Amino acid sequence: MWFGISWSLPKSFTLKKQFPVYVLHFPVCPSGGDNASFLDTNPPKKKTNRTFAVRKELCWKKQHMATPVPVLRLPKGPDPNSRGFDPNSPRYIALCRTTVATTEAAGGDEEELQQEQHARSVLRERFLRCLLAMNNKKVRFNMHENVTVEATFGSSDIDVLNFQVSDLHTPIGVQKEALIRSQDVISFTFDA
Amino acid sequence: MAMRQTPLTCSGHTRPVVDLAFSGITPFGYFLISACKDGKPMLRQGDTGDWIGTFLGHKGAVWGATLNMDATKAATAAADFTAKVWDSVSGDEVLSLAHKHIVKSVNFTQDSNHLLTAGNDKLLRIFDLSNTDAAPQEIAGHGAAIKKALWCNDDKQILSAADDKTIRLWDRTSMEEVKTLTFNTSVSSMEYMADGEILVITYGKTIAFYNALSLELIKTAEAPAPINSASLHPEKDFFVAGGEDFKLYKFDYGTQEELESYKGHFGPVHCVRFSPDGELYASGSEDGTLRLWQTAVGKTYGLWKCVLPVCLDNSSESQCGEP
């Protein structure tokens, strides 16, 4: 043994006429990984021609002293199917207002509030039934810049951000399948 | 025993992350918003990096993003010539503010009633969010595209950094330029700390600290590589910087001595910010990821777990030992 390097003959060596083949074993150092801070902040004294002893010492220190901080789990990534902002999260429940504020009567005019809630639920139901009725029907979309396009309606996504349509007739041609951004649409009409 | 830093990688973006900002500390913790060239800024829980939602609506690369102090509103600046204000609880777009060119920077006042925007049209604009029909106030003066604009001095003044190699201090009431700092090279980033009125500026390989009121130099530090962004710890013990060599450097603020350097990113680091409690800092890179790094390596915080055999932390909830 000479400074951590060992020499050995491979077990398969049998032919006497061949030149001897020696296998070098260097001390195994863990992969540097992400953190090279120890070597960066404690450079060896000899900048060139480091001895094997110094290398061995540095490798040992790196292996035995720098334990990575364990983590409970990795951060959660985005959900591919939605834009997030979970409505069931405590923050959402505590802070989120409805987009159209209800009339808040101090002291609680319960009847008026109930009527308003009833009207809201009727409107929501009508919109959803409308989306269902439009399925596979020819729909005319009135968009910004006086653009009107016709297409066969497919469906809407859960946040009503996009409409999936087929055979979209545009001023520059017919698109077999397309997504229309709902914020670009002013209104749409169809024959039920 | 020395601990090796384990960064938490937040994936999700598909293009380089160019800006990030933390909110203040709210009853629900603190939050982090990241601006990305894929046009989809994301909101994350600040201490864990968990994704909360994506703000959908921009039609171009998002160059700047910010949150207000209580994290109820977000604002983004994009290459589609608009700055947008969002409800950061529901993720809905509240306002879209049209500009004449790419918008690079947005910043809320402390009361969240006004928004400062700046971009490639060389103008600073102040929007009144309670009166959106009114035209914005405009401040002209810079000779080139503005990279960053921030409120300072209790929202009475504005600091702006532009590609004309200057940083200018403006008075909000008079809309006039108060002071100018000129550099030999373009300033790559600017951060303002209200507590102590310190301005952190990076240019070339230098990280410089200025008094935000007088624009007098406090101190400078040199890094081994060109630096794109730096951030000062809230307690002013350390500052961190990241740049073109993909590494993050941690310096002692008192002595300007380099303490640590961390590898991890696979591309140049574009932005670095300390969290409001100083326990971690986040970095955004060309490789499309955000990484969260501990200030005190080995401490139990967020998703990091204390592992010392004899735990110095007296909390009964902490678990020590190898996972």
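Residues numbered from 1 in each chain as written. Chains lettered and ligands numbered in written order. Predicted model: local features only at pLDDT ≥ 70, side-chain atom pairs only at ≥ 80, totals over all residues. Heavy atoms only, no water.

Trainee: Help me understand the overall build of chain B in this model?
Mentor: Scanning chain B for helices and strands turns up zero helices and 29 strands. Over its C-alpha trace chain B gives a radius of gyration of 19 Å, about what one expects of a compact globule, namely 20 Å for 323 residues. Looking at chain B as a whole, 60% of its 323 residues are labelled buried. For chain B, the exposed surface amounts to about 12100 Å²; the carbon and sulfur share of it is 49%. If the 29 positive side-chain charges of chain B are averaged to one point and the 41 negative ones to another, these points end up 6 Å apart. (Helix = DSSP H or I, 4+ residues; strand = E, 2+ residues; numbered from the N terminus. Rg over C-alpha atoms; globule rule 2.2 N^0.38 Å. Buried < 20%, exposed > 50% of the residue type's maximum accessible area, 1.4 Å probe, protein only. Areas by Shrake-Rupley, 256 points an atom, 1.4 Å probe, with all protein chains shown as cover. Lys, Arg positive; Asp, Glu negative; His and termini not counted. Charge placed at Lys NZ, Arg CZ, Asp CG, Glu CD.)

Trainee: Sorry, what's going on with the overall build of chain A here?
Mentor: Of the regular secondary structure elements, chain A holds four helices and eight strands. The order of helices and strands in chain A, counted from the N terminus, is β-β-α-α-β-α-α-β-β-β-β-β. Counting all 192 residues of chain A, 19% fall into the buried class. Taking all contacts inside chain A whose residues are at least 6 apart in sequence as the whole, residues at least 24 apart take part in 28%. Carbon and sulfur atoms form 57% of the exposed surface of chain A, whose accessible area is close to 14900 Å². (Contact = heavy atoms within 4.5 Å.)

Trainee: Where do I start with the interface of chain B and chain A in this structure?
Mentor: Interfaces are often sized by the amount of accessible area the parts lose when they come together. Between chain B and chain A, the contact holds 54 residues from the first and 37 residues from the second. When chain B packs against chain A, close to 3800 Å² is buried across both sides, 60% of that on carbon and sulfur atoms. Its largest share of buried area at the contact with chain A, chain B owes to Arg4(B), Trp51(B) and Val89(B), together 21% of the area lost on that side. Counting across the interface, chain B meets chain A through two salt bridges. When the shortest N-O distance is used, the salt bridge between Asp92(B) and Arg83(A) registers 2.9 Å. Along the contact surface separating chain B from chain A lie 15 residue pairs in polar contact (both at pLDDT 80 or more). For the side of chain B that touches chain A, the secondary-structure elements that each account for two or more residues are strand S1 (3–4), strand S2 (8–10), strand S5 (42–45), strand S6 (51–54), strand S26 (258–262) and strand S29 (290–294) of chain B. For the side of chain B that touches chain A, the residue count by class is 23 nonpolar, 19 polar and twelve charged. Pairing between strand S3 (residues 67–68) of chain A and S1(B): two bridges, direction parallel. Directly across from Pro68(A), in S1(B), lies its bridge partner Arg4(B). (Buried area = accessible area lost by both parts, 1.4 Å probe. Salt bridge = Lys/Arg side-chain N within 4 Å of Asp/Glu carboxyl O. Polar contact = N/O pair within 3.5 Å; in protein donor to acceptor, adjacent residues only side chain to side chain. Nonpolar A, V, L, I, M, F, W, Y, C, P; charged D, E, K, R; others polar. Pairing = 2+ DSSP bridges.)

Trainee: Would you explain the pattern of salt bridges in this entry?
Mentor: Two side chains with opposite charge may pair up if their charged atoms get near one another. Under the definition given, this model contains 16 salt bridges over all chains. For Glu125(A), the salt bridge is made with Arg129(A), and the minimal N-O distance between the two is 3.0 Å. Of this pair, Glu125(A) and Arg129(A) both sit in helix H4 (residues 110–134), separated by four residues, roughly a single helical turn. In this structure, the salt-bridge partner of Arg125(B) is Asp121(B), at a minimum N-O distance of 2.5 Å. In terms of burial, Arg125(B) and Asp121(B) fall into one category: buried. Among the charged side chains, a salt-bridge network with shared partners connects Arg83(A), Asp159(A) and Asp92(B).

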